[in-house]
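If you want the building blocks of each chain, they are given just below.
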Amino acid sequence: MFEPLLLTAHNPSPMTGDGNNTYLLAETGGSAALIDAGVGEPAHLQAIAGALAERHARLDTVLVTHGHRDHASGAPALAVQHRAAGFAKLPWPEEDAQYAVAWRTIADGDCVSAGGEPLVVLHTPGHSPDHLAFWHQPSRTLFTGDLVVRGSSVMIHSSRGGNLAQYLASLERLLALGPARLLPAHGPIVDDPRVVIAGYISHRLFRERQVEAALRAGRTTVEAIAESIYDGLAPALMPAARENVRAHLEKLADEGRASEAGGHWQP
Ligand SMILES: [Zn+2]
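Below, the structure is looked at part by part. (Residues numbered from 1 in each chain as written. Predicted model: local features only at pLDDT ≥ 70, side-chain atom pairs only at ≥ 80, totals over all residues. Heavy atoms only, no water.)

1. Describing the pattern of salt bridges
Link 1 in the chain: For the coordinates displayed, the defined rule picks out 14 salt bridges.
Link 2 in the chain: Linking lysine 89 and aspartate 130 is a salt bridge whose minimum nitrogen-to-oxygen distance equals 2.7 Å. With a gap of 41 residues between them, lysine 89 in strand 5 (residues 86-89) and aspartate 130 in the loop between strand 8 (117-123) and strand 9 (132-136) connect regions that are remote in the sequence. The same class applies to lysine 89 as to aspartate 130, namely buried.
Link 3 in the chain: A salt bridge links arginine 257 to glutamate 255, with the shortest nitrogen-to-oxygen separation between them at 2.5 Å. (Salt bridge = Lys/Arg side-chain N within 4 Å of Asp/Glu carboxyl O. Helix = DSSP H or I, 4+ residues; strand = E, 2+ residues; numbered from the N terminus. Buried < 20%, exposed > 50% of the residue type's maximum accessible area, 1.4 Å probe, protein only.)

So, in structure tokens, the structure goes:
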């Protein structure tokens, strides 16, 4: 039975919630793979070492879903403890360079062995340009990185390589696979993927209509649109809300449905 072991990265914060989930796939007496590197917290490193020792397994692969710090920055600490481990991700050169390990490139369509199990690599950009999901077809399990967080909306950092249209296309691609469960990098495991992913897509389309309505009502700046839509939001979350509004406006602009001049937007 395919039972990846969830190991928390021990990095709770306002942006990571309870902290990141990482997943260990280990063959007893054989090889093991970790999905996402965490941040190098000692408690995480200890849990990985303990789980490997219990299974008499050796960590030989670390698959990283994308280059954001909470997923990738633990790579150098893992490299010190696990000399045999290789580190693999889709390149995002300006981000990857800050993590001092020799990254191996994996890309869409590759099939990799993770603790003896086959995983298909899916390029799923939108949250970040380098984002990968990993598909275990025999159990219909998808490792979804930051594409889905149950009970919360996913951040599209439009000023840092995020792209809403790509994000929606990535969600459609996940949906088309017909997964039985999602193992995300934040929050609980999702055992009703169709409902959750379809809910995400319709939520984004709802926001898009709100942004268009705000534009038609004469709000021309990202700030004004964000305030009209996210009225009453905690001030600490407003920067994230503005990033989302910007992501929507850029999608509308790409589709010829809005335009911008000097920081002012119009339909
Ligand atoms: Zn991320």
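Next comes the rest of the account.
2. Notes on helix 7 (residues 222-229)
Link 1 in the chain: For helix 7, the complete set of buried residues consists of Val222, Ile225, Ala226 and Ile229. Down the axis of helix 7, the buried set is contained in an arc of 100 degrees. They therefore lie on one face.
Link 2 in the chain: Considering only its buried residues, helix 7 is in contact with helix 6 (193-216), helix 8 (238-254) and strand 13 (264-266). (Arc of directions from axis to C-beta. Contact = heavy atoms within 4.5 Å.)

Function cannot be inferred from these measures alone, as they are strictly geometric.
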